[in-house]
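# A structural walkthrough
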Amino acid sequence: TTCTLLQANIDRNAHLLDNRARVARLVWGNDQDANNAKPLDIVIASDVLYNPDYYKDLAHSIHYLDAPAIIAYQPRLPAHKETTFFDLLQPDFQLDYSGPIPDSPCQVYHLQPRKRK
């Protein structure tokens with residue numbers, strides 16, 4: 001599974017990570033999974049924007065986790081579809097487009113929760 005592969009990478013690099021990295025299962029839109037993932041420093045999401053039917057659940061989970069996030073994905077849909085996902089995160093997150101990964105079709109966004117009043 002993806003979680004197994006991620007855990008193997010963490011184990012392989014434990015000497016660099018100071019025991020701070022961990023893998024947590026997260027079904028989008030599932031608050032119990034999100035609760036089990038807390039506390040966390042950052043959310044890293046890769047290739048998660050392939051199906052607009054899941055955008056609301058994914059955005060809900062990102063809001064619920066309320067942590068900085070990096071989202072990397074390969075555009076496969078018309079751009080307006082992916083924009084719909086990022087619109088769901090505003091106004092609660094500052095979105096910064098980091099551009100494409102060199103020599104790759106992948107795009108990267110950094111999300112920072114805005115301070116709540």
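Residues numbered from 1 in each chain as written. Predicted model: local features only at pLDDT ≥ 70, side-chain atom pairs only at ≥ 80, totals over all residues. Heavy atoms only, no water.

Below, the discussion takes up the overall build of the chain. For the chain, the helix and strand inventory stands at five helices and four strands. Each principal axis of the C-alpha distribution contributes one length, and for the chain these read about 40 × 40 × 25 Å. Expressed as a percentage of contacts within the chain between residues at least 6 apart in sequence, the contacts between residues at least 24 apart total 58%. By element, 52% of the accessible surface of the chain is carried by carbon and sulfur atoms, the whole surface being about 7,900 Å². The chain carries 12 positive and 14 negative side-chain charges, and their two centres are separated by 4 Å. (Helix = DSSP H or I, 4+ residues; strand = E, 2+ residues; numbered from the N terminus. Contact = heavy atoms within 4.5 Å. Areas by Shrake-Rupley, 256 points an atom, 1.4 Å probe, with all protein chains shown as cover. Lys, Arg positive; Asp, Glu negative; His and termini not counted. Charge placed at Lys NZ, Arg CZ, Asp CG, Glu CD.)

Going through the model one piece at a time under the given rule, you end up with seven aromatic pairs. Measuring from ring centre to ring centre gives 6.3 Å for Y73 and F86, while their planes differ by 40°; the resulting arrangement is tilted. Here Y73, found in strand β2 (residues 69–73), pairs with F86, found in helix α5 (residues 79–89); they are 13 residues apart in sequence, far enough to count as distant. Neither Y73 nor F86 differs from the other in exposure class; each is buried. In this structure an aromatic cluster arises from ring pairing among Y55, Y73, F85, F86, Y97 and Y109. (Phe/Tyr/Trp six-rings, centres within 6.5 Å; stacked < 30°, edge-to-face > 60°. Buried < 20%, exposed > 50% of the residue type's maximum accessible area, 1.4 Å probe, protein only.)

This part is about the nonpolar core. Judged by nonpolar contacts, the single largest core of 22 residues is most densely connected at L49, I62, I71, F85, F86, L89 and L111. For this core, the element with the highest residue contribution is helix α4 (residues 55–65), accounting for five residues. In this structure F86 touches L49, Y73, L95 and Y109, once residues within four positions along its chain are discounted. (Core = buried A, V, L, I, M, F, W, Y, C linked by side-chain atoms within 4.5 Å.)

This part takes up α4. Of all the positions in α4, only Y55, L58, A59, S61, I62 and L65 are classed as buried. For α4, the arc enclosing every buried residue in end-on projection is 160°, short of the 170-degree limit, so these residues lie on one face. Buried residues along α4 sit against α3 (31–37), β1 (43–46), β2, α5, β3 (93–100) and β4 (107–113). (Arc of directions from axis to C-beta.)

In this section: the confidence of the model for the chain. Mean pLDDT over the chain: 90, with 98% of residues reaching 70 or higher. Looking at the elements of the chain, mean pLDDT is at its lowest for α5, recorded as 88, and at its highest for α4, recorded as 95. (pLDDT = per-residue confidence, 0-100.)

To continue, consider the side chain of E82. By the element assignment, E82 lies in helix α5. Buried charge E82 goes without a salt bridge, the closest partner of opposite sign being R76 at 7.1 Å. When sequence neighbours within four positions are dropped, the list of residues in contact with E82 reads L49, Y55, Y73, P75, R76 and L77. (Salt bridge = Lys/Arg side-chain N within 4 Å of Asp/Glu carboxyl O.)

Only one face of β1 is buried: it carries V43 and A45, and the other face, with I44 and S46, is open. Here β1 pairs with β2 via four bridges, running parallel. Following the sheet pairing, A45 is matched in β2 by I71. As for the winding sense of the linkage, the β-α-β connection from β1 through α4 to β2 is right-handed. (Pairing = 2+ DSSP bridges. Right-handed = clockwise from strand over helix to strand, strands pointing away.)

Pairing is mixed in the open sheet, where four strands are placed in the order β1-β2-β4-β3. Here the strands that pair on one side only, and so sit at the sheet edges, are β1 and β3. Here the strands of the sheet are splayed against their neighbours by 15° on average, with no regard to which way each runs. (Axes fitted to C-alpha atoms, helices over the stretch in contact; angles between N-to-C directions.)

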